[in-house]
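# A closer look at the structure
Residue strings, one per chain:
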Amino acid sequence: MTTKRFFAMLVAAFAMAMVADAKVFTFEEFRDSVILLKTQRESIKDFGACIVPLEKLVALYEAAEFPQDEHRIDKAVLNQMASFDYYDLACCYARIGKKKTAIAMLRKSVDLGWDNYGNLMWDINDNDLVTIAKDKQVKAIIEEVKMRQPIYKLKQSGPYCKENVDTIPAFRYQSMNEGNLKQVREYFRLDSVAGNGDELSRIKNILTYCHNTIRHDGSNYAFAENDAIDLYHYYKVTGRGINCRQLATVLMEMYLSMGFKARIVSCMPMDSNDYDSHVINCVWSETMHKWLYVDPTMNAWVTDENDVMLSIAEVRERLVDGRPLVLNDEANHNNENKQDKGYYLETYMAKNLYIIACPMECKFNTESRYRNSLAEFIQLVPSGFNYYTHPRYTTSDPDIFWQDPE
């Protein structure tokens, strides 16, 4: 049986009879109602008995209305909540042999937006939905859910194209001997960190050091100046991690201070309502003559089947055309959770490699929080895409965006 997510702002449930007609709830009544029904459902192990609280839950979502002057729950959110419980109902009905009802519940779940393809295939092959796996309607539903996955949206994106854009200036990279970069190098003892190996080993050593030195916390935007030293001080004083953008800022400054050209790279989804983006880095390799994909949040880099490190552009291309990608064994989150290539690359990054953006100037404190320094950005989008972010410069030409450093 799948475990349901509680929606943090709603988590819900009302121990009430089936709701046939619309009922006006206060937010508190609705929340308490869902909590009670969810608790009821989770305490029941019998598949048939689970159906009662689940039916009450989906009826509650569909019938709930909120006073105009109350905190309201958007209908799209209610539909998303209902989709999870309709899926649970499909599993329960399939388990007790009511196949037609199970298929109807699965259809309803998918219509409301349920899209967990991995979970669906697990239930189809080995678990709750085995009894309906061979049905033609179910096979069509499986294909529909499959096509909703981020990697298929990426595959369907418009191509990049050559553009004659001479109004976009070149990216700029601060010299390792300028400004406070010398202080970054000395403060973190980066010569020792990088070691005496070849270029790629030094790049990896600095990445791993950054990952291990400052904890990631995606929910926290550190109240500090956005430079490597201040962000490190914030973490050490408060014990709170910093978000992926700030961690990428730290790594960029570490690389710049050691003479490596590097950028902060914002990776964003196609859906303007999806606020779950990710920020990583690219670092220029002189020996390979290309930008390399490095992610300080996950201590991650990506190679091809021959163990050759790849660029962000190459990772995206291989996701689109299905060529092999290998995630390094060391990839993890906060040295606690090992990263899985299937989720990290084929789901999470596939979703977030639709729009890519970088600051034009790469330097110490590029995105100052308190010193009135407004960074200019350039973004790379698929041709034909009506982008929703508003940097100063936009292009669909990867040669302009991934230009070699001067």
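Note that the coordinates shown come from a computational prediction; the quantities given were computed from them, not determined experimentally.

## Observations regarding the overall build of the protein chain
A tally of regular secondary structure across the protein chain gives 15 helices and 14 strands. A principal-axis box enclosing the C-alpha atoms of the protein chain has dimensions of 70 × 45 × 40 Å. For the protein chain, contacts bridging at least 24 residues in sequence account for 64% of all contacts bridging at least 6. Accessible surface, the protein chain: about 19200 Å² in total, of which carbon and sulfur atoms supply 49%. For the protein chain, the distance from the average site of its 47 positive side-chain charges to the average site of its 57 negative ones is 4 Å.

## A closer look at the environment of His278
Position of His278 among the secondary structure elements: in strand E5 (residues 278–285). On the basis of relative accessibility, which here comes to 2%, the residue His278 falls in the buried class. Once you skip the residues sitting within four places of it in the chain, His278 turns out to touch Cys244, Val265, Ser266, Cys267, Asp295, Thr297, Tyr348, Met349 and Asn352. Engagement of the side chain of His278 in a polar contact is seen with the side chain of Asp295, the distance being 2.9 Å.

## Quick look at the pairing of strand E4 (residues 262–268)
Burial analysis of E4 places 7 of its 7 residues in the buried class, which makes it a mostly covered element. Residue alternation in E4 divides its side chains into two sets, Ala262, Ile264, Ser266 and Met268 and Arg263, Val265 and Cys267, and both sets are buried. Where E4 and E5 come together, 6 bridges link them in antiparallel fashion. When the bridges of E5 are listed, Ala262 appears paired with Val283. For E4 and strand E11 (residues 355–359), the ladder comprises 3 bridges, and the chain directions are antiparallel. Along E11, the bridge assignment pairs Met268 with Ile355.

## Remarks on the packing of helix H2 (residues 47–63) against helix H3 (residues 75–95)
Working note: a packed helix pair is described by the angle between its axes plus the distance between those axes. At a closest axis distance of 9 Å, the pairing of H2 and H3 adopts a crossing angle of 160°. One finds that H2 runs roughly antiparallel with respect to H3. Classified by chirality, the crossing of H3 by H2 is left-handed. Contact residues: H2 offers Phe47, Cys50, Ile51, Leu54, Glu55, Leu57, Val58, Tyr61 and Glu62, while H3 offers Lys75, Leu78, Met81, Ala82, Asp85, Tyr86, Asp88, Leu89, Cys92, Tyr93 and Arg95. Of the residues in the contact of H2 with H3, the class split is 14 nonpolar, no polar and 6 charged.

## A few points about the packing of aromatic side chains
Following the criterion strictly, the structure yields 13 aromatic pairs and no others. Plain terms: the ring middles of Phe30 and Tyr61 are 6.4 Å apart, the flat faces sit at 55° to each other, and that makes the pair tilted. In this pair, Phe30 sits in helix H1 (residues 27–43) while Tyr61 sits in helix H2, placing the two residues 31 residues apart along the sequence. As far as burial versus exposure is concerned, Phe30 and Tyr61 are alike and both buried. When the ring of Trp284 is compared with that of Trp291, the centres are 5.2 Å apart and the planes differ by 70°; the resulting orientation is edge-to-face. Taken as a pair, Trp284 and Trp291 share a single burial class, namely buried.

## What to know about unusual backbone geometry
It is generally the case that most residues other than glycine have a negative phi and that most peptide bonds are trans. Residues other than glycine seldom take positive phi values, yet Asn299 does so here, at roughly 50°. Locating Asn299 in the fold gives a position in the loop between strand E6 (290–294) and strand E7 (302–303).

## Quick notes on the pattern of salt bridges
Counted under the stated rule, the structure contains 22 salt bridges. With its nearest N and O atoms 3.1 Å apart, the salt bridge here joins Glu144 to Arg148. Residues joined in a network through salt bridges with shared partners are Arg107, Asp111, Glu144 and Arg148.

## Things to note about the environment of Met349
Topologically, Met349 is positioned in helix H14 (residues 341–352). Excluding residues that lie within four positions of it along the chain, Met349 makes contacts with Cys267, His278, Ile280, Tyr293 and Tyr344.

The rules we used
- Residues numbered from 1 in each chain as written.
- Predicted model: local features only at pLDDT ≥ 70, side-chain atom pairs only at ≥ 80, totals over all residues.
- Heavy atoms only, no water.
- Helix = DSSP H or I, 4+ residues; strand = E, 2+ residues; numbered from the N terminus.
- Contact = heavy atoms within 4.5 Å.
- Areas by Shrake-Rupley, 256 points an atom, 1.4 Å probe, with all protein chains shown as cover.
- Lys, Arg positive; Asp, Glu negative; His and termini not counted.
- Charge placed at Lys NZ, Arg CZ, Asp CG, Glu CD.
- Buried < 20%, exposed > 50% of the residue type's maximum accessible area, 1.4 Å probe, protein only.
- Polar contact = N/O pair within 3.5 Å; in protein donor to acceptor, adjacent residues only side chain to side chain.
- Pairing = 2+ DSSP bridges.
- Axes fitted to C-alpha atoms, helices over the stretch in contact; angles between N-to-C directions.
- Parallel < 35°, antiparallel > 145°, perpendicular 65-115°, else oblique.
- Left-handed = near helix turned anticlockwise from the far one by under 90°.
- Nonpolar A, V, L, I, M, F, W, Y, C, P; charged D, E, K, R; others polar.
- Phe/Tyr/Trp six-rings, centres within 6.5 Å; stacked < 30°, edge-to-face > 60°.
- Salt bridge = Lys/Arg side-chain N within 4 Å of Asp/Glu carboxyl O.

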